[in-house]
Amino acid sequence: MHTDTGVFGRSHELSSRRHEQVVFCEDDRTGLKAIIAIHSTTLGPALGGTRFYPYARESEALQDALRLSWGMTYKAAAAGVTLGGGKAVIIGDPAVDKTPELLAAYARFVETLGGRYITAGDVGTNTDDLDIIGRHTGYVTGRSTAAGGSGDSARLTALGVFNAMRAGAESVWGTASLAKRTVGVEGVGKVGRELIDLLLADGAEVCVSDVNDAALQLVSQCHPSVRLLSSVATAPVDVYAPCAMGGTLTTTSADAIEATLICGAANNQLANPLVEQALTERGITWIPDFVANAGGLIQVAGELRSAAPAEVESDVAGIFPRCRNIITAARAEGIGTGAAANRFAERRLDAIPRSI
Ligand code: NAI
């Protein structure tokens, strides 16, 4: 039976906190088709990256924009920044469809929102693209340092993940250090590589996996001590650090994971909310992704207020006590760390009346 949810209908997951505004952007001249979703401006302008992706269906692009912008509201609220949640998707293959003209047309749509939405990088967009976008709108972050931005966010994202992992280590082993622990890093891209540096400096043993051989070789060249595995998710490690794609924590993988602690940069690590329960039952501590990977968001929040780099690093270090509080609250209330993190974010959101 077909159920018409109308234009305002949302899946159950997204229905509790509704989106303020969803904008469909089309430009015939450049072929631009984009959706900008503003989930919440309660805490400040809605910030979130622009994802450039070849969605098979427009409905998938809309669902992604709605889901990701909703997640940004929680990420910003938990990170303590004065920003709301937004996200944009451009429908198309970045390798084929991305042109300066199309990005300029997209930027002009961002500009029409008058600062209610501020964009940043995401899958399929990079600092070069943001530099182009920045020529047509002021509501952009994450541009290159040459263009006046704060540059790539991988280093501070990794620093945030490292701090989150230290908080997890403290709760599991009583010491806020990864020294002598084996950490399996899945995905050695921009964030994974930075994380390896921090882990090795802390005295951890590191093993890694990646689907890209060139990425693995790069790690081997820099760090011959790092072991290369075909998969780290279910390997005999103390910590599993998903730093590639989301959705790797499934009910099946939860049963096979040998790590005691899971903490990584990938967004939306849980394939579904039930997985957290399975992890908790097995005594595995999971650090919620949106708390651990907020370093990049904290960086662009600092960029917006022209904060000094040292101040931004200190804000990123704040991920450590935040994770510690979330783990403590989860244990005290007998709930998962994900639920505790959501409550933490919701308390901040609920303290302020909706601005629209
Ligand atoms: P990236 O694209 O530079 O690196 C991802 C790496 O994962 C690549 O080397 C790729 O080959 C590898 N990979 C893909 N599928 C894999 C699989 N099935 N198994 C193992 N490796 C696989 O991305 P980046 O910037 O390092 O981000 C990593 C994750 O962190 C992504 O999920 C991203 O959304 C998330 N994230 C990144 C932030 C940033 O500041 N870059 C901020 C917050 C989240």
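Here the structure is a predicted model, which means the values were calculated and not measured.

What follows covers the sheet that holds strand S5 (residues 117-120). Spatially, five strands are ordered S1-S2-S4-S3-S5 in an open sheet, and the strand pairing comes out mixed. Each end of this open sheet is capped by a strand with a single partner; those strands are strand S1 (21-27) and S5. Neighbour-to-neighbour, the strand axes of this sheet turn through a mean angle of 25°, independent of strand direction. As paired elements, S1 and strand S2 (residues 32-40) share seven bridges and run antiparallel to each other. The partner of Val23 across the bridge, within S2, is Ile36. Strands in contact with helix H4 (residues 100-112) are S1, S2, strand S3 (46-53), strand S4 (84-91) and S5; relative to S2, the strand with the most contacts, it is inclined by about 30°.

This paragraph deals with the sheet that holds strand S8 (residues 227-228). Here six strands make up an open sheet; going across it, the order is S8-S7-S6-S9-S10-S11 and the pairing parallel. Each end of this open sheet is capped by a strand with a single partner; those strands are S8 and strand S11 (285-286). Summarising the sheet, strand S6 (residues 182-186) and strand S7 (residues 205-209) pair through five bridges and their orientation is parallel. From the neighbouring strand, Val183 faces S7, where its bridge partner is Val206.

What follows concerns the side chain of Thr50. In this fold, Thr50 is placed in strand S3. Within the structure, the side chain of Thr50 is placed 2.4 Å from the side chain of Thr119, a separation counted as a polar contact. Look past the residues within four positions of Thr50 in its chain and what remains in contact with it is Ala88, Ile90, Tyr106, Tyr117, Thr119, Ala120, Gly121, Asp122, Val123 and Thr125.

For the rest of this paragraph, the subject is the site of the ligand. Around the ligand, 21 residues are found, and the nearest of them are Ser153, Thr157, Val191, Asp210 and Ala244. One nitrogen or oxygen atom from the side chain of Asp210 is found 2.7 Å from an oxygen atom belonging to the ligand. Protein coverage of the free-state accessible area of the ligand, which is 830 Å², stands at 72%. Contributing elements (two or more residues each) for the shell around the ligand: helix H6 (154-173) and helix H7 (190-201). Partitioning the shell around the ligand into residue classes produces nine nonpolar, eight polar and four charged.

Turning our attention to unusual backbone geometry. Its identity as a non-glycine residue notwithstanding, Asn268 has a phi of 50°, on the positive side. By the element assignment, Asn268 lies in the loop between strand S10 (261-262) and helix H10 (274-281). Judged by relative accessible area, Asn268 falls into the partly exposed class, the value being 37%. With a phi angle near 55°, Ser306 is a residue other than glycine that sits in the positive phi range. By secondary structure assignment, the location of Ser306 is in the loop between helix H12 (295-304) and helix H13 (309-317).

Most often, soluble globular proteins keep nonpolar side chains buried together rather than apart. In terms of nonpolar packing, the biggest core is built from 68 residues, with Met165, Leu178, Val183, Val185, Leu195, Leu199 and Leu297 touching the most fellow members. Formed by 22 residues, the second largest nonpolar core is a distinct cluster that contains Val23, Cys25, Leu32 and Tyr106.

Let us look at the pairing of S2. Burial within S2 is extensive, with eight of its nine residues counted as buried. Alignment of S2 against S4, held across six bridges, turns out to be antiparallel. The residue of S4 that forms the bridge with Ile38 is Gly86.

We now examine the pattern of salt bridges. Within the structure shown, the criterion is met by 13 salt bridges. Here Lys33 ties to Glu58 by a salt bridge, and the two come within 2.8 Å at their closest N and O atoms. Taken together, the positions of Lys33 in strand S2 and Glu58 in helix H2 (residues 58-79) put the pair 25 residues apart, joining distant regions of the chain. The class for Lys33 is partly exposed, based on a relative accessible area of 32%. Notably, a salt bridge pairs Arg51 with Asp64, separated by 3.6 Å at the nearest N-O pair.

The next point concerns the environment of Tyr117. Within the secondary structure layout, Tyr117 lies in strand S5. Those residues within four positions of Tyr117 in sequence are excluded, and the remaining contacts are Ile36, Ile38, Ala46, Gly48, Gly49, Thr50, Gly86, Lys87, Ala88, Tyr106, Val110 and Tyr139.

Rules of the game
- Residues numbered from 1 in each chain as written.
- Predicted model: local features only at pLDDT ≥ 70, side-chain atom pairs only at ≥ 80, totals over all residues.
- Heavy atoms only, no water.
- Pairing = 2+ DSSP bridges.
- Helix = DSSP H or I, 4+ residues; strand = E, 2+ residues; numbered from the N terminus.
- Axes fitted to C-alpha atoms, helices over the stretch in contact; angles between N-to-C directions.
- Contact = heavy atoms within 4.5 Å.
- Polar contact = N/O pair within 3.5 Å; in protein donor to acceptor, adjacent residues only side chain to side chain.
- Near = heavy atom within 4 Å.
- Areas by Shrake-Rupley, 256 points an atom, 1.4 Å probe, with all protein chains shown as cover.
- Nonpolar A, V, L, I, M, F, W, Y, C, P; charged D, E, K, R; others polar.
- Buried < 20%, exposed > 50% of the residue type's maximum accessible area, 1.4 Å probe, protein only.
- Core = buried A, V, L, I, M, F, W, Y, C linked by side-chain atoms within 4.5 Å.
- Salt bridge = Lys/Arg side-chain N within 4 Å of Asp/Glu carboxyl O.

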